[in-house]
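So you can see what is in the structure, the chains are spelled out below.
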Amino acid sequence: MGSAFDPLVTPSNLTQDELKKRAAYKAVEYVKSGMVVGLGTGSTAKHAVARIAELLRQGKLQNIIGIPTSTTTHEQAVSLGIPLSDLDSHPVVDLSIDGADEVDPSLNLVKGRGGSLLREKMVEGASKKFVVIVDDSKLVPHLGGSGLAVPVEVVPFCCDFTRGKLEELFREAGCKAKLRVKEETVAVTDNGNYVVDLYLERDMGDLEAASEKILRLPGVVEHGMFLGIATTLIVAGKSGLLVQNRSGVKG
Ligand SMILES: O=C(CO)[C@H](O)[C@H](O)COP(=O)(O)O
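It should be emphasised that the depicted structure is a prediction, and the values quoted were computed from it without experimental measurement.

A. Examining the sheet that holds strand β15 (residues 240-245) more closely. Across the sheet, six strands lie side by side as β2-β1-β3-β6-β14-β15; this open sheet has mixed pairing. At either end of the open sheet lies a strand with only one pairing partner, and these are β2 (65-68) and β15. Sheet twist, expressed as the mean angle between neighbouring strand axes with direction ignored, is 20 degrees. Of the pairings in the sheet, the one linking strand β1 (residues 36-39) to strand β3 (residues 93-98) comprises three bridges and is parallel in character. Across the sheet, the residue bridging to V37 is L95, located in β3. Across the sheet, helix α4 (residues 117-125) touches β1, β2, β3 and β6 (127-135), and the angle it forms with β3 is around 140 degrees.

Right under this line is the structure:
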């Protein structure tokens, strides 16, 4: 597939948004006509959605069915004329493309700082292939390592009780749990839930064990750690594009 980029523009003079776009365009090369495609959410994923729409308009892609992971992406895809469905009608997704907030060396992710973690995990977890697209600022040695939050979606009922329980779970990792607020009111997800953001001073240790502990808490709906779900990572940096498959996954 031909590249839509000017060959005279080198990665070293690209902005962060242009790097995100590069990663997104590269990921869309994995999309083939006839596929059911999970459409991610966020400033990186929106470039992939726009590119898919562009290739559909040009007739270079045909018969794509998109499964959006948020109302925002749903609206973008509708405005661009991408045919849409959902997991009830299409329980198997051929390929999903989405951004991430953190990526560790094993391709485990933190997602959901945009608040769409539950739908993203449902769609991307149902995908045969999940391509993660990031600029190189998202790479971390371990999850929680950027100093930014690990989000947890919780039911509104007694959310401060759940927030306190989450903080207790990771006290040894120096956890501060905060209810997410947007424009001075509690942030509400597409599913009518709230988000508790976990800020960790230290590594939370075994990730599967941490995941189990969070999911066992009554009041928790889902967390933003995506463990063993991503199959391929595309990183755009000033020195170019890097494509990496999860160990044991064929390209
Ligand atoms: O998980 C997400 C939304 O819930 C996003 O994919 C994640 O926050 C990355 O966003 P961006 O591409 O804007 O940096």
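After presenting the structure, the write-up continues.
B. Local environment of the sheet that holds strand β5 (residues 109-110). One open sheet holds the three strands; their spatial order is β4-β5-β13, and the pairing between them is antiparallel. Across the chains shown, the open sheet's two edge strands, defined by having one partner strand only, are β4 (102-103) and β13 (225-226). Sheet topology note: the β5/β13 ladder contains two bridges and is antiparallel. Paired with V110 across the bridge in β13 is M225.

C. Geometry of the packing of helix α2 (residues 45-57) against helix α3 (residues 71-79). Contact geometry for α2 and α3: axes closest at 10 Å, N-to-C directions at 25 degrees. Comparing their axes, α3 and α2 come out roughly parallel. The two elements α2 and α3 cross, and the hand of that crossing is right-handed. When α2 is examined against α3, the residues A45, K46 and V49 are found in contact with a partner set consisting of T73, Q76 and A77. Grouping the constituent residues of the contact of α2 with α3 by class yields three nonpolar, two polar and one charged.

Criteria and cut-off values
- Residues numbered from 1 in each chain as written.
- Predicted model: local features only at pLDDT ≥ 70, side-chain atom pairs only at ≥ 80, totals over all residues.
- Pairing = 2+ DSSP bridges.
- Helix = DSSP H or I, 4+ residues; strand = E, 2+ residues; numbered from the N terminus.
- Axes fitted to C-alpha atoms, helices over the stretch in contact; angles between N-to-C directions.
- Contact = placed C-beta atoms within 7 Å.
- Parallel < 35°, antiparallel > 145°, perpendicular 65-115°, else oblique.
- Left-handed = near helix turned anticlockwise from the far one by under 90°.
- Nonpolar A, V, L, I, M, F, W, Y, C, P; charged D, E, K, R; others polar.

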